[in-house]
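Given next are the chains, with one letter for each unit.
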Amino acid sequence: MSTPAALLVKVELDALKENASLMGWSIEQIDDLTFVLGLPAKDGLTYHLRVRCDGYPATPPAWHWFNPATGRIDNRPDTPRGGNFLHGNGVICAPWNRLAYKTVDSRGPHSDWQIGAWQNNAYTRACRTLGAMALRIACELMKSYEGRVAE
């Protein structure tokens, strides 16, 4: 029996898959609550994210930078930097990323945000679906990206 989170993720992931096809992104569903998304950066590199959606939408997804060749997540050389929220700490700094909360991840820059209120956080803006979140990351990689995080 599917959980409410899995049912919502299925609906949103179907829409995200359609957008990924149109944009030339790669996407692979791992299980009901996890997927891997590949997005191009303006220098031609592709960055991958392993996204875990357990507890969604009560809590935001966890957007981990991912290396599909090694299987490692959050490895500094696999992490982009630049723009509004591609921070050098390796965490996407946005209310719609669970890892941005210091209470969840020690690298998270925000102890001032409440994770249960992420959708009401002014910095969430229009990123309230998986597709909108992915598009926002893709925009950062194409516009504000400055390269990989140094080791």
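Just above, that's the structure.
Keep in mind the model is a prediction, meaning the values are calculated, not measured.

J.: So what about the pattern of salt bridges? Which residues, and what values?
T.: Opposite charge on two side chains permits them to pair, given that their charged atoms come into close proximity. By the definition in use, this model includes 8 salt bridges. Note that Asp105 and Arg107 form a salt bridge whose closest N and O atoms lie 2.9 Å from each other. Each of Asp31, Arg52, Asp54 and Arg98 takes part in one network of salt bridges that share partners.

J.: Hey, could you go over the pairing of strand S4 (residues 62-66) for me, with residue numbers and the actual values?
T.: Of all 5 residues in S4, 5 are buried; the element is thus mostly enclosed. Every second residue of S4 is oriented toward a common face, with Ala62, His64 and Phe66 on one face and Trp63 and Trp65 on the other, all of them buried. With 5 bridges connecting them, strand S3 (residues 46-52) and S4 associate as antiparallel partners. Residue pairing across strands places His48 opposite Phe66, the latter belonging to S4.

J.: Tell me about the sheet that holds S3, and name the residues and values.
T.: Spatially, 4 strands are ordered S1-S2-S3-S4 in an open sheet, and the strand pairing comes out antiparallel. For this open sheet the edge positions go to strand S1 (26-31) and S4, each flanked by a neighbour on one side alone. On average, adjacent strands in this sheet sit at an angle of 25° to one another, irrespective of strand direction. Here helix H2 (residues 130-143) sits on the sheet in contact with strand S2 (34-40), S3 and S4, set at roughly 30° to S2.

Criteria and thresholds
- Residues numbered from 1 in each chain as written.
- Predicted model: local features only at pLDDT ≥ 70, side-chain atom pairs only at ≥ 80, totals over all residues.
- Heavy atoms only, no water.
- Salt bridge = Lys/Arg side-chain N within 4 Å of Asp/Glu carboxyl O.
- Buried < 20%, exposed > 50% of the residue type's maximum accessible area, 1.4 Å probe, protein only.
- Helix = DSSP H or I, 4+ residues; strand = E, 2+ residues; numbered from the N terminus.
- Pairing = 2+ DSSP bridges.
- Axes fitted to C-alpha atoms, helices over the stretch in contact; angles between N-to-C directions.
- Contact = heavy atoms within 4.5 Å.

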